[in-house]
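Analysis of the macromolecular model
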Amino acid sequence: MSPVACVDTGYVFSGDSSLPTSADVFIPPSPTSSTSDSSSRWSPALSASLYRIDGWGAPYFTANSSGNISVRPHGSGTLPHQDIDLMKVVKNATDPKTCGGLGLQFPLIVRFPDVLKNRLECLQSAFDVAVKSQGYGSHYQGVFPVKCNQDRFIVEDIVNFGSPFRFGLEAGSKPEILLAMSCLCKGNPDAFLVCNGFKDSEYVSLALLGRKLAFNTVIVLEQEHEVDLVIELSQKMNVRPVIGLRAKLRTKQSNHYGSNSGEKGKFGLTSTQIVRVVKKLTESRMLDCLQLLHFHIGSMIPTTSLLSDGVSEAALIYCELVRLGAHMRVIDVGGGLGIDYDGSKSGEGDQSVTYTLEEYAEAVVSSIRYVCDRRSVKHPVICSESGRAIVSHHSVLIFEAASAVKTVPHQPKPDDIQFLLEGEEDFYAAVMRGDQEGSLLYVDQLKQRCVEGFKDGVLSIEQLVSVDGLCEWVLKAMGGSDPVQTYNINLSIFTSTPDHWGTVGQLFPIVPIHMLDQKPGARGILSDLTCDSDGKIVKFIGGESSLPLHEIDSYGGGGRYLLGLFLGGAYEESMGGVHNLFGGPSVVRVSQSDGPHSFVVTRAVSGQSTSDVLRAVQHEPELMLQTLKHRAEEVMHTKGGGQDEEDGNEYKNVAACLDRSFHNMPYLATEEGINE
């Protein structure tokens, strides 16, 4: 083994003059970010293509000429002057109050009720067109499953926007029933209140009370024993109920969302159980109360062919219930109307669907009409529980990339390191002949041997750093270096995107909301604030393992680098926890207006404070604050006698610091403003 000395541009193998000198070895200079020349040829249109904005975002999101994301609140019907620059909204929301802003802290959810209204209208229109074009003998009347997002203002908006076409709500628990009944007081009296989920006596009593209060309540039987509760309590309360039942279909989709469908699904009745329920209702002279059939193939149904199979099977069961004497009038096709998260329209995996709203509605209507016509059964009212498709687009999560971590290799110097190494001739020869595979193998072996040497005490940490630097330079020369940076984001993935972290592994479009007129000069993964190794995003739409991003230190505006997570309006807020005690984001509600900025903020709410999240886990922030202040007072007294003015000022500073910490949000607080 020969001693080796690493030098700044190569390496010299001492003891063998036949080996190359440092002048013979080329190691490339430090790579630079994208040049100004390439950036000058970049455009927002190229960014739109790079991030697939026109695929997943149409018709609500686009890249504008300023390089920012624009929101088109009325979808394809948005006029040019109605576009809302998302960056201007965020600036208004987060600028200090002294500068005319709202003073909200990141992360920030921006909600667009106009988008929500447009989604409802488009869904209704799609079914109206399908009903009319196919000569269907009834109508569509949907419900929103409040589990998708229970926020008061979202549910109230849906009831308000959907009132002209009798749009209702679906509840799956006792609190949700109370929420739904309260909101529907201002809705259309014909709107459905569909009551799903496991039921006890109190649940059934609440649903029956809804009938007494003149709500169009339907109790859907999910388990066979629930029919006994409904029969008993309806007779006791003297209420004639409207009953539905959920059928377990044989039709099942194969992706993750299909795991709770089919004959072994969590909810629903088998054919045998359905027949027994019909018999019990007949014996109780309540078969006329059975009026709705519900089923659920699974969320994110990928194709209309699978949808048609499931709807046709359910329609056959519906017709059989009519034949058995039930007064059937509604078929509830459940959820499953998907959205195209990755913009590919491929229907592959859990991220994409192949159809439009119009094609979905056409498949549902045609399947039911065909089966009912063959059985000479009157066409039923069609209901759906399309939560994801209604609320996903209207909510955007905005967060900062606070810093970026990239590999900056140490450039070795001639006297940095001396060590013994076998096979140095082969290593050098592989590099010189451009043998990438061989070079990478030797680099890996070299690093392993040096780590072992460090563990054995043969190498110092400075020498180990020099070896790492040499290996990194070789990797760059061979094109084998990993250019991906880690962007540290001011966000908790567990709180704000639990579906990404959890078993679903949902991917959401993530895009810079500004600088889209500049070419991204880096690729990155996202690492959140939590002290949890799972708190990162390393998979992105399109099968990518990193995201094209701009160098944070190249952002000449000196402000914040802001990213937006889109299509996250369903489930994420209602499922997020307080992992590491990071609470919910700030929220603004933004409507389109004819003012100078084309928008107006109609509601602004600060995110959860540290006190809020502490209360959520049974702590008492006020008592905690007093305890810590008392501790500070004791320490000050012990330290300096507590008599002089300096001690008094120090105590006041400590108390003020504690007070601020309890009242501020748990996320990183930055002082920089936003430059448009």
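Description of the structure in this document. These numbers come from a predicted model, not from an experiment. Numbers given for residues are sequential positions, taken from 1 along each chain in its written order. In view of the model being predicted, local features appear only for residues whose pLDDT reaches at least 70, and side-chain atom pairs are presented and counted only at 80 or more, with totals across whole chains, interfaces and linings using the full set of residues. By convention in this description, side-chain values take in all heavy atoms of the structure and omit both hydrogens and water.

Another aspect to go through is helix H5 (residues 113-133). Comment: elements are numbered from the N terminus, with helices defined as DSSP H or I runs of at least four residues and strands as E runs of at least two. Here, expected helix span is obtained from the residue count minus one, scaled by 1.5 Å. Here H5 spans 30 Å end to end across 21 residues, near enough to the 30 Å set by a 1.5 Å rise per residue. Where H5 ends, the next residue or the one after it, Gly135, has phi of about 60°, a positive value.

In the sections that follow, a salt bridge refers to a side-chain nitrogen of Lys or Arg positioned within 4 Å of a carboxyl oxygen of Asp or Glu. Considering all chains together, one arrives at 23 salt bridges under this definition. Here Glu544 and Arg523 are joined by a salt bridge, their closest N and O atoms 3.3 Å apart. Taken together, the residues Glu544 in the loop between strand S20 (536-537) and strand S21 (547-549) and Arg523 in strand S19 (residues 522-527) connect sequence positions 21 residues apart. Burial classification: accessible surface area is computed with a 1.4 Å probe over protein chains only, and a residue below 20% of its type maximum counts as buried, one above 50% as exposed, and the rest as partly exposed. On the accessibility criterion, Glu544 (39% relative accessible area) is partly exposed. On the accessibility criterion, Arg523 (28% relative accessible area) is partly exposed. When salt bridges with common partners are traced through the structure, they connect Arg111, Asp151 and Glu573 into a single cluster.

Let us now look at the packing of aromatic side chains. Note on ring pairs: Phe, Tyr and Trp rings are taken, using the six-membered ring of Trp, and paired if centres are within 6.5 Å. Classes follow the plane angle, with under 30 degrees stacked, over 60 edge-to-face and the rest tilted. Summed over the entire model, instances satisfying the criterion amount to 11 aromatic pairs. Ring centres 5.1 Å apart and planes at 40° place the aromatic pair Trp56 and Phe566 in the tilted group. With Trp56 in helix H3 (residues 53-56) and Phe566 in the loop between strand S22 (562-565) and helix H19 (572-575), the pair connects residues that are 510 residues apart, well separated along the chain. When sorted by exposure, Trp56 lands in the same class as Phe566, which is buried. Between Phe61 and Phe566 the ring centres are 5.0 Å apart and the planes differ by 70°, which places this aromatic pair in the edge-to-face class.

The next point concerns the pairing of strand S6 (residues 108-111). Because side chains alternate across S6, one face comprises the buried residues Leu108 and Val110, and the other comprises Ile109 and Arg111, equally buried. Between any two strands, at least two bridges found by DSSP are needed for them to pair. Bridge count for S6 against strand S15 (residues 395-405) is four bridges, and the pairing is antiparallel. Across the sheet, Leu108 pairs through a bridge with Ile398, a residue of S15. For S6 and strand S23 (residues 586-592), the ladder comprises four bridges, and the chain directions are parallel.

Here we come to the sheet that holds strand S8 (residues 168-171). Adjacent strands of a sheet pair through backbone hydrogen bonds, lying either parallel or antiparallel. On the basis of which strands lie adjacent, the open sheet formed by eight strands has the order S7-S8-S9-S10-S11-S12-S13-S14 and parallel pairing. The sheet is open, and its two edges are formed by strand S7 (143-145) and strand S14 (381-383), each paired on a single side. Strand-to-strand twist in this sheet, taken as the mean axis angle between neighbours without regard to direction, amounts to 25°. Bridge analysis of strand S13 (residues 330-332) against S14 gives three bridges, and the strand direction is parallel. Within S14, the position partnered with Ile331 by the bridge is Ile382. For helices, the axis comes from a line fit to the C-alpha atoms of the stretch in contact; other axes are also lines fit to C-alpha atoms, and the angle between any two N-to-C directions lies between 0 and 180 degrees.

Here we take up the nonpolar core. Note on terminology: a nonpolar core comprises buried Ala, Val, Leu, Ile, Met, Phe, Trp, Tyr and Cys residues joined through side-chain atoms within 4.5 Å. One finds Leu86, Phe144, Leu290, Leu321, Ile398, Leu526 and Phe566 to be the most contacted residues of the largest nonpolar core, which totals 150 residues. Ignoring anything within four residues of it in the chain, the contact list for Ile398 reads Leu86, Val90, Phe106, Pro107, Leu108, Val110, Ile513, Leu562, Leu563 and Gly564. In what follows, a contact means two residues having at least one pair of non-hydrogen atoms within 4.5 Å.

Sulfur atoms of two cysteines make up a disulfide when they are within 2.5 Å. Under the defined criterion, the tally for this structure stands at zero disulfides. With no disulfide partner, Cys185 has as its closest neighbouring cysteine sulfur the one in Cys183, 8.6 Å distant.

With that settled, consider the packing of H5 against helix H6 (residues 152-162). Viewed as axis vectors pointing N to C, H5 and H6 meet at an angle of 45°, and their least axial separation amounts to 10 Å. The angle between H5 and H6 falls in the class oblique. For the crossing formed where H5 meets H6, the hand is right-handed. Where H5 abuts H6, its residues Pro113, Leu116, Lys117 and Leu120 lie against Ile154, Asp157, Ile158, Phe161 and Gly162. Put simply, angles under 35 degrees are roughly parallel, angles over 145 are roughly antiparallel, angles from 65 to 115 are roughly perpendicular, and the rest are oblique. Each crossing gets its hand from how the near helix is turned against the far one by less than a right angle, where anticlockwise is left-handed and clockwise is right-handed.

Its place among the elements puts Ile231 in helix H9 (residues 226-237). Residues Ile231 and Leu281 lie 50 residues apart in sequence; the distance between their C-alpha atoms is 7.9 Å. Beyond its immediate sequence surroundings of up to four residues, Ile231 is in contact with Lys280, Leu281, Ser284 and Met286.

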